[in-house]
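Coordinate inspection notes
Here are the chains, one letter per residue:
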Amino acid sequence: MSASVLYDAQGPRAKRRNVVYSIVFVLALAALVWWVYRGLHAKGQLDWAKWKPLLAGSESWTTYILPGLKNTLIAAALSMVIALPLGAFFGIARLSDHVWVRVPATVVVEFFRAIPVLILMIFGNALFAQYTDVSSDDRPLYAVVTGLVLYNASVLAEIVRAGILALPKGQTEAAQAIGLRKTQVMTSILLPQAVTAMLPAIVSQLVVIVKDTALGGAILTFPELLASVGPMSSYYGANTIACFTVVAVIYVVLNFALTSFAGWLERRLRRGKKSTGAVLAPAAVAGTQATGAGGGDMAGGHAGKTHT
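Residues numbered from 1 in each chain as written. Predicted model: local features only at pLDDT ≥ 70, side-chain atom pairs only at ≥ 80, totals over all residues. Heavy atoms only, no water.

Comments concerning the overall build of the protein
- Across its full length, the protein carries twelve helices and zero strands.
- Across the protein, helices and strands are ordered from the amino to the carboxyl terminus as α-α-α-α-α-α-α-α-α-α-α-α.
- Here the protein holds 308 residues, and 31% of them are scored as buried.
- Taking the contacts inside the protein whose residues are at least 6 apart along the sequence as the reference set, 72% of them involve residues at least 24 apart.
- Just so you have it, the protein exposes about 19400 Å², and 68% of that area is on carbon and sulfur atoms. (Helix = DSSP H or I, 4+ residues; strand = E, 2+ residues; numbered from the N terminus. Buried < 20%, exposed > 50% of the residue type's maximum accessible area, 1.4 Å probe, protein only. Contact = heavy atoms within 4.5 Å. Areas by Shrake-Rupley, 256 points an atom, 1.4 Å probe, with all protein chains shown as cover.)

Below you can see the structure in the form of structure tokens.
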């Protein structure tokens, strides 16, 4: 039996055992699928009449699904646009050398990170109802965005802080050695390098934002995508399974598109960091030699000749 660096090669008994496990798993999965299929078929949920309004007609899409999808995208986009810079601000503030900046930022982040996003939405709805002139039609959207921003900004702040702290300390020391100020070190050295490392975690949190918009529909009557299932199912004859299936597929497509875009952006950023940088013109190089290190050599040579 040959050995590998990572694991020992399987023997005949281990191979037979893995084949048996695989067959048992496939059979169990097939039995589960068959059991679900029989249950849905017995309840009439797989009849074409249940799926026809969603797959063969446009009324259900223009009346229920697309308006709900529009509200979901609006709430998610507003939350992302506000939460990302706010999270970056608090994440950097937690790394400040000043106690009067670091301590309040830490309190805010830890406070809102510990509260469930649903409670933040409910408090936001009550706040807008009692202390603002926001109409009852717009209030659910404001409450959903407020809750998502407060919670996800605090989580993104921790992501930013962890990403910056993960960089080697030599980056900061080298930047300070050449005379860069703290703000210049953060904006020019640390953040550009940390963004690539933080991108997968940031995208995961953005996916959470898209999915958490459904909480507003369940509690605050926000007319988002998932909330459209109830009236749509009632109108088309209790086709709940079909409606939930279509909505679930839409969520999968949305989150997959967001993840794919983030993967493309990450690869592009990594390729950009591997580039050799800008190429200086000969005139610029000559000027540098005349005034920089080369100039010192020329001056030294001239001094030597004078001394001779």
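Looking at unusual backbone geometry
- Of note in this structure, Thr 221 is not a glycine but carries a positive phi near 55°.
- Relative to the helices and strands, Thr 221 is located in the loop between α8 (182–219) and α9 (229–235).
- Judged by relative accessible area, which is 64%, Thr 221 ranks as exposed.

Describing the packing of aromatic side chains
- Under the counting rule described, the total for this entry stands at eight aromatic pairs.
- With a centroid separation of 6.3 Å and an interplanar angle of 45°, the aromatic rings of Tyr 64 and Tyr 235 are classed as tilted. One end of the pair, Tyr 64, is in helix α3 (residues 59–93); the other, Tyr 235, is in helix α9, and 171 residues separate them in sequence.
- Each residue in the set Tyr 64, Tyr 235 and Tyr 236 is aromatic and connected to the rest through ring pairs, giving one cluster. (Phe/Tyr/Trp six-rings, centres within 6.5 Å; stacked < 30°, edge-to-face > 60°.)

Some thoughts on the pattern of salt bridges
- Under the counting rule described, the total for this entry stands at four salt bridges.
- Its salt-bridge partner being Arg 94, residue Glu 110 comes within 3.3 Å of it at the nearest N-O pair. Taken together, the residues span a long stretch of sequence, with Glu 110 in helix α4 (residues 99–114) and Arg 94 in the loop between α3 and α4 at a distance of 16 residues.
- For Glu 110, a relative accessible area of 34% puts it in the partly exposed group.
- For the salt bridge of Glu 158 with Arg 94, the shortest nitrogen-to-oxygen distance reads 2.3 Å. In this pair, Glu 158 is assigned in helix α6 (residues 139–165) and Arg 94 in the loop between α3 and α4, connecting sequence segments 64 residues apart.
- Judged by its relative accessible area of 15%, Glu 158 is buried.
- Using a relative accessible area of 13% as the deciding quantity, one classes Arg 94 as buried. (Salt bridge = Lys/Arg side-chain N within 4 Å of Asp/Glu carboxyl O.)

Any functional reading would require information beyond the geometric quantities listed.
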